[in-house]
Amino acid sequence: MKASLRRVWGLMYRHLALYRRSWPRLLELAYWPVLQMCIWGFTASYMASRMGSTMALAGGALLGGVLLWEVALRSQMGVAISFLEELWSRNLGHVFVSPLRPWELVAALIGMSVIRMLTGVLPAILLAWVLYAFNLFALGPIVVLFFANLMIMGWWVSLAVVSLILRHGAGAEALAWSVLFGLTPFSAVFYPVAVLPAFLQPIALALPSAHVFEGMRAAILHGTVDWHHLAWAVGLNVVWTVAGATLFAAQFRAARVRGALLTIGE
Amino acid sequence: MAAPVNPAYAHRMEAIQVQALTKRYGATLAVDGISFAAARGSTLGLLGGNGAGKTTTIAMLLGILIPTAGSIRILGHDMATDRFAALARMNFSSPYVALPARLSVAENLRVYGHLYDVPQLERRIGELAGELDLGEFLHRPAGQLSAGQKTRVALAKALINRPDVLLLDEPTASLDPDTGDLVRGWLERYRAESGCTILLASHNMAEVERLCSHVLMLKRGRVVDSGSPQDLLDRYGQDDLEAVFLDIARDRGRPMPEAAQ
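Rules and cut-offs
- Residues numbered from 1 in each chain as written.
- Chains lettered and ligands numbered in written order.
- Predicted model: local features only at pLDDT ≥ 70, side-chain atom pairs only at ≥ 80, totals over all residues.
- Helix = DSSP H or I, 4+ residues; strand = E, 2+ residues; numbered from the N terminus.
- Rg over C-alpha atoms; globule rule 2.2 N^0.38 Å.
- Buried ≥ 20, exposed ≤ 12 C-beta atoms within 10 Å, placed from the backbone.
- Contact = placed C-beta atoms within 7 Å.
- Nonpolar A, V, L, I, M, F, W, Y, C, P; charged D, E, K, R; others polar.
- Axes fitted to C-alpha atoms, helices over the stretch in contact; angles between N-to-C directions.
- Parallel < 35°, antiparallel > 145°, perpendicular 65-115°, else oblique.
- Left-handed = near helix turned anticlockwise from the far one by under 90°.
- Pairing = 2+ DSSP bridges.
- Expected span 1.5 Å × (residues − 1).
- pLDDT = per-residue confidence, 0-100.

A. Summary view of the overall build of chain B. Along chain B, the regular secondary structure elements total 9 helices and 10 strands. Taking 2.2 N^0.38 as the reference for a compact globule, 261 residues should give roughly 18 Å; the C-alpha atoms of chain B span a radius of gyration of 18 Å, in line with that estimate. Dimensions of chain B, computed from the C-alpha atoms along their principal axes, are close to 55 × 40 × 35 Å. For chain B, buried positions account for 49% of its 261 residues. In chain B, the share of contacts with a sequence separation of at least 24, taken over all contacts with a separation of at least 6, comes to 67%.

Given below as structure tokens:
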């Protein structure tokens, strides 16, 4: 177990050393979440000043949505881009012939994803508090469950992205940035699932994120904890995580059959 | 020494045992049922032209490529079922697989020291820095080094875990004669001191003659001849391995019937 943890740390150290030497990479982590917070924060402030307290509550839900969706986005990108860093540096050949197990690789990527997500999202949370007096943590301990579910969703989506990169090579790398944006309309980040056309609602309800944001709106607008939606989010995350891990394991093995692990970056 | 393996022939003295190894990509047969063994402490050369199957064979030995058929045992571990136990005691170097360019040499060695669970890692990095003369650029980004310096760093990475089996794909490619000679000297010294088994794929025939106790000649995925460098020189009536290589590549030679697959 000690050796296993050390291998996970070894790969995380590789990425942390990279960030230590590259301030543009560090800046990029926080740049987009902070920019998003500025745009939507000022929009919400403006609308609240024009339309009163009801709009202020809706503005709170908007800011909560922006911040929590960034948790999912940054978690997904954290795994996928850390994997791509190995591919871009043509280092995968060395990594895959070391005693590092595939699950240890995933654990290290997830560890980096948590660090990247916190580095990106915490400044935006702080900014929301300082500029717009919106304190996400005022929702109470339930915020931890929202965070956890959205992080896990980011991870299983990224396992699917990494699987596609293993299958299709560097040509699939654009998915690392774009795939979760494609799920935004179905995730009910800024509006309830009920707003969607009836035929799209089952798609939304199959995603943990839609249940998390329904729960967030219940907490912000009504001050209640919607355990029903949270239970669905947890259950769906379990199902999708198993599916993502199975896909990753299958594609990893297929890459070993095709010899793609040595040539994937070319 | 190395030789085609008799199925009844085992084991303990052999660091690498390969039996009927085959790799097929669709209609292309990249490696065609090759068998060989390498005794512990030996240096086995893998020679052949481009597309002969050297890199494919090395990739299968490293567990990064799953064979279509056949078996590989390294240090007694079956690579199909127990590859991580073997990988912990192996290492690999190739000029075609890079180390992260933005990390310093020391950081790169630290990463691989952790991945291979090397005890007293900082001390080991210091030892390698001394042995391979890395001191002056230990804290410089790996991407800023010259080809010769990069090769020394790649070798340090390959030796970080004091491997019992070392797989080297063209370890001195693109090096000047002086640096190439130094690298060959380090490899000889490491093998003599540690009893490590080395498998070397190279296009540098002088290097193979100097380092290898046994050579496998590959062509179109098959072993077409094998023996010690001197055996091959005698058999083909040539003065150097390059001439033997050309004889085999151009079908001018006369491979021993028992060595052909």
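B. Main features of the interface of chain A and chain B. Listed by partner, the interface residues are 27 residues for chain A and 25 residues for chain B. Those elements that place two or more of their residues in the side of chain A that touches chain B are helix H1 (2-20), helix H4 (92-96), helix H10 (227-258) and helix H11 (260-263) of chain A. Looking at the side of chain A that touches chain B element by element, the count peaks at 9 residues for H1 of chain A. Per-class residue counts for the side of chain A that touches chain B are 12 nonpolar, 8 polar and 7 charged.

C. Up close: the packing of H1 of chain A against helix H3 (residues 105-115) of chain B. At a minimum axis distance of 7 Å, the contact between H1 of chain A and H3 of chain B shows a crossing angle of 160 degrees. Between H1 of chain A and H3 of chain B, the angle is such that the two are roughly antiparallel. Judged by the twist between their axes, the crossing of H1 of chain A over H3 of chain B is left-handed. Between H1 of chain A and H3 of chain B, the contacting residues are Arg6, Arg7, Trp9, Gly10, Tyr13, Arg14 and Ala17 of chain A on the first element and Glu107, Arg110, Val111, His114 and Leu115 of chain B on the second. A per-class count over the contact of H1 of chain A with H3 of chain B returns 5 nonpolar, 2 polar and 5 charged.

D. How the structure looks around the sheet that holds strand S1 (residues 14-25) of chain B. Residues and elements named next belong to chain B. Overall, antiparallel pairing links the 4 strands, which are arranged S2-S1-S4-S5 in an open sheet. Looking at the sheet topology across the chains shown, the edges are occupied by strand S2 (28-39) and strand S5 (77-78). Where S1 lies against S2, 9 bridges are found, and the strand directions are antiparallel. Residue pairing in the sheet places glutamate 14 in a bridge with alanine 39 of S2. Helix-sheet contacts for helix H1 (residues 54-61) involve S1, S2 and strand S4 (69-74), and the interaxial angle to S1 is about 120 degrees.

E. Quick look at helix H3 (residues 53-88) of chain A. Residue and element names in this part refer to chain A. The end-to-end C-alpha distance of H3, which contains 36 residues, comes to 50 Å, matching closely the 52 Å that a straight helix rising 1.5 Å per residue would cover. For H3, a buried count of 27 out of 36 residues is recorded, marking the element as mostly surrounded by other parts of the structure. At the exit of H3 stands arginine 90, carrying a positive phi of roughly 55 degrees.

F. Molecular detail of the sheet that holds strand S6 (residues 90-93) of chain B. Residues and elements named next belong to chain B. The strand order across the open sheet formed by 6 strands is S6-S7-S8-S3-S9-S10, and the pairing between neighbours is mixed. The two strands at the open ends of the sheet, each matched to only one other strand, are S6 and strand S10 (222-227). Across the sheet, the mean angle separating the axes of adjacent strands is 15 degrees when strand polarity is ignored. In the sheet, strand S7 (residues 165-169) pairs with strand S8 (residues 197-201) via 5 bridges, with the strands oriented parallel. Within the sheet, the bridge partner assigned to valine 165 lies in S8 and is threonine 197. Across the sheet, helix H5 (residues 147-159) lies against S6 and S7, angled at about 170 degrees from S6, the strand it touches most.

G. Representation of the environment of threonine 68 of chain B in the model. All names here are of chain B. Following the sequence through the fold, threonine 68 ends up in the loop between H1 and S4. Along the backbone, threonine 68 and leucine 21 are 47 residues apart, and their C-alpha atoms lie at a distance of 7.8 Å. Not counting the four nearest positions on each side in its chain, threonine 68 is found in contact with Thr22, Lys23 and Arg24.

H. Spatial organisation of the environment of alanine 245 of chain A. Residues and elements named next belong to chain A. Note on placement: alanine 245 falls in helix H10. Overall, alanine 245 belongs to the partly exposed group, with 18 C-beta atoms counted inside 10 Å. A sequence separation of 82 residues divides alanine 245 from serine 163, and the C-alpha atoms of the two residues are 9.3 Å apart.

I. Quick look at the confidence of the model for chain B. All names here are of chain B. Averaged over all residues, the pLDDT of chain B is 88; the fraction at 70 or higher stands at 92%. Mean pLDDT in chain B bottoms out at helix H9 (residues 241-249), which sits at 85, and peaks at H3, which reaches 97. Every residue in residues 256-261 is under pLDDT 50, and counting partners more than four places away or in other chains gives 11 contacts.

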